[in-house]
Amino acid sequence: CVLCNEADLHPNDDSWLWRGDPTDIALLSLARKFGIKREAMLQNHPEINCIPFEPERRFAASYHRIAGEIRVLAKGAPEKIGAMITDTETRMRMLDAAHQMACEGYRVLAFAEGLAPADLDEVAVPSEPEDASFLGLIGMIDPLRPGVRDAVKIALDAGVNTIMITGDHPVTAMAIARDLGLADSSDQVVTGADLPAQPEAIASLFSTAKVFARVSPRQKLEIVQAAREADHYVAVTGDGVNDAPALRTANIGVAMGRSGTDVAREAADIVITDDHFATITHGIEEGRIAYDNVRKVIFLLISTGLAEVILVALAVSYGLPLPLLPVQLLWLNLVTNGIQDVALAFEPGERDILHRKPRPTGESIFNRIMLERTILSALVMGTVGFAVFRHLLEIGWSEYSARNALLLLMVLFENVHIFNCRSETKSAFAISLRKSPILMIGMLVAFFVHLAMMYWPW
């Protein structure tokens, strides 16, 4: 645990400083609890050479001078270390024990040691150890945080398909996926050895596969690329150096702020400061609320502006005087849109916002429902306003009085219309006014400001 290790762990007053892979740090922490320090061990057993850990190798080894001999110490995946053990009975017992631990959700590391050649070169990369003796297994687990299972379910309800990609043993990955509610059958697990080479074949797995286990960083990148080529909008989470290519390739790379490496954070688009999956679902919710509110504000501005265009166009086409003077139009936009659109931007999210499917990435803000609602609202406000203005002139009102009355009508129209803007799918009467206190205040302020303009001479 201590000698075949690439991390550092040091006390610092009342805290600890560490550097390196979290697995190696955990092993050093275990050794510290037994009073074993890496620095002292290296002084007594100097390192001659090493084979650094690589996901493709799935093991690491270091060569040390111990009691006048050069011995190799190896750690890694049980099946990989098992191939180095010549005793068949020991190997089978070790693999069986590792399988049992993996079924309980543990990530299992196997440890072995053997005799290395006395003339081992300190520069050349050693060959893979052979004829090693089994030492033991260590199981470690990163327990699920509270709320993660619920967050995965919320993401699924929101139309976000969550897939686990890990280098862990398939049995370990399946145990964690079952706790997460991601998978309930081994048929939903695909190993790196079974991963097809063609992107189309990989994409065909997404409908059934929920877990990709024992995959290399290159295979993780291939999975992300296949998902993008299949027109999925892909967000990738990761914290390690090996996750950087996938983070960079995804539509959105999400790195962990606490446990993440600098390389992962640099490659990502977003860094989560609390390393919690639930933060991603909260981000999806806030993003949808922001997008909805942008659409609501645009709907308000365009529909009311188009209503004013229709009002003026109808009056001109019928040979009537301008229904509203330029300064009145400016005032109308200031007293209604200038106050209400700001209030509308602070609207809370609708209840079903996380039960909708994601919108198509190529969909315009001005989709069919936006265009239909804009045109209908503008026609109602513009034509009714024109009819009232024409009627007032016909019954003998002066242009001055008719314009003032029409201006008041348009303010009232837009004060009512603001509540139509709160939802694209629900009636204004179906949403409680108590949900929109800022909007209510904005509407009342706009209305009373206009009344003050009408009746206060200054």
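Because the structure is predicted, anything quoted here is derived from the model rather than measured. (Residues numbered from 1 in each chain as written. Predicted model: local features only at pLDDT ≥ 70, side-chain atom pairs only at ≥ 80, totals over all residues. Heavy atoms only, no water.)

What about the packing of helix 11 (residues 277-317) against helix 13 (residues 368-394)?
Right, on to step 1. Their axes nearest at 7 Å, the elements helix 11 and helix 13 cross at an angle of 40 degrees. Here helix 11 lies oblique to helix 13, going by the angle between them. Handedness of the helix 11/helix 13 crossing: right-handed. Across the interface between the two elements, Arg295, Ile298, Phe299, Ile302, Ser303, Thr304, Leu306, Ala307, Ile310, Leu311, Leu314 and Ala315 from helix 11 touch Ile369, Met370, Arg373, Thr374, Ser377, Ala378, Leu379, Met381, Gly382, Thr383, Gly385 and Phe386 from helix 13. (Axes fitted to C-alpha atoms, helices over the stretch in contact; angles between N-to-C directions. Helix = DSSP H or I, 4+ residues; strand = E, 2+ residues; numbered from the N terminus. Parallel < 35°, antiparallel > 145°, perpendicular 65-115°, else oblique. Left-handed = near helix turned anticlockwise from the far one by under 90°. Contact = heavy atoms within 4.5 Å.)

Side note on helix 11
Right, on to step 1. Over its 41 residues, helix 11 extends 60 Å from the first C-alpha to the last, a length consistent with the 60 Å expected when each residue adds 1.5 Å.
Right, on to step 2. Just downstream of helix 11, Gly319 is the residue with a positive phi angle, here 75 degrees. (Expected span 1.5 Å × (residues − 1).)

Side note on helix 14 (residues 399-420)
Right, on to step 1. For helix 14, with 22 residues, the first-to-last C-alpha span of 31 Å sits near the 32 Å given by 1.5 Å per residue.
Right, on to step 2. Considered for burial, the residues of helix 14 that qualify are Ala402, Arg403, Leu406, Leu407, Met410, Val411, Phe413, Glu414, Asn415, His417, Ile418 and Phe419.
Right, on to step 3. Looking at the buried positions of helix 14, the neighbouring elements they touch are helix 11, helix 12 (326-344), helix 13 and helix 15 (437-455). (Buried < 20%, exposed > 50% of the residue type's maximum accessible area, 1.4 Å probe, protein only.)

So, a negative patch on the surface
Right, on to step 1. A cluster of acidic residues, Glu6, Asp21, Glu47, Glu54 and Glu56, forms a negative patch on the protein surface.
Right, on to step 2. Note on placement: Glu56 falls in the loop between strand 3 (47-51) and strand 4 (59-66). (Patch = residues over 30% accessible without salt bridge, like charges linked within 9 Å, V, L, I, M, F, W, Y side chains within 5 Å. Areas by Shrake-Rupley, 256 points an atom, 1.4 Å probe, with all protein chains shown as cover. Salt bridge = Lys/Arg side-chain N within 4 Å of Asp/Glu carboxyl O. Lys, Arg positive; Asp, Glu negative; His and termini not counted. Charge placed at Lys NZ, Arg CZ, Asp CG, Glu CD.)

Quick word on the packing of helix 4 (residues 88-103) against helix 6 (residues 170-180)
Right, on to step 1. The interhelical angle for the contact between helix 4 and helix 6, taken along N-to-C directions, is 15 degrees, at an axis separation of 7 Å. On the basis of their axis angle, the class for helix 4 and helix 6 is roughly parallel. The handedness of the crossing between helix 4 and helix 6 comes out as right-handed. Residues His99, Ala102 and Cys103 of helix 4 form the contact with helix 6, whose own contacting residues are Val171, Thr172 and Ala175.

Overview of the pairing of strand 2 (residues 15-19)
Right, on to step 1. Bridging between strand 1 (residues 8-12) and strand 2 involves 5 bridges; their strand directions are antiparallel. Across the sheet, residue His10 finds its bridge partner in strand 2, namely Leu17.
Right, on to step 2. Counted between consecutive antiparallel strands, the loop separating strand 1 from strand 2 contains 2 residues, among which Asp13 sits at a positive phi close to 55 degrees. (Pairing = 2+ DSSP bridges.)

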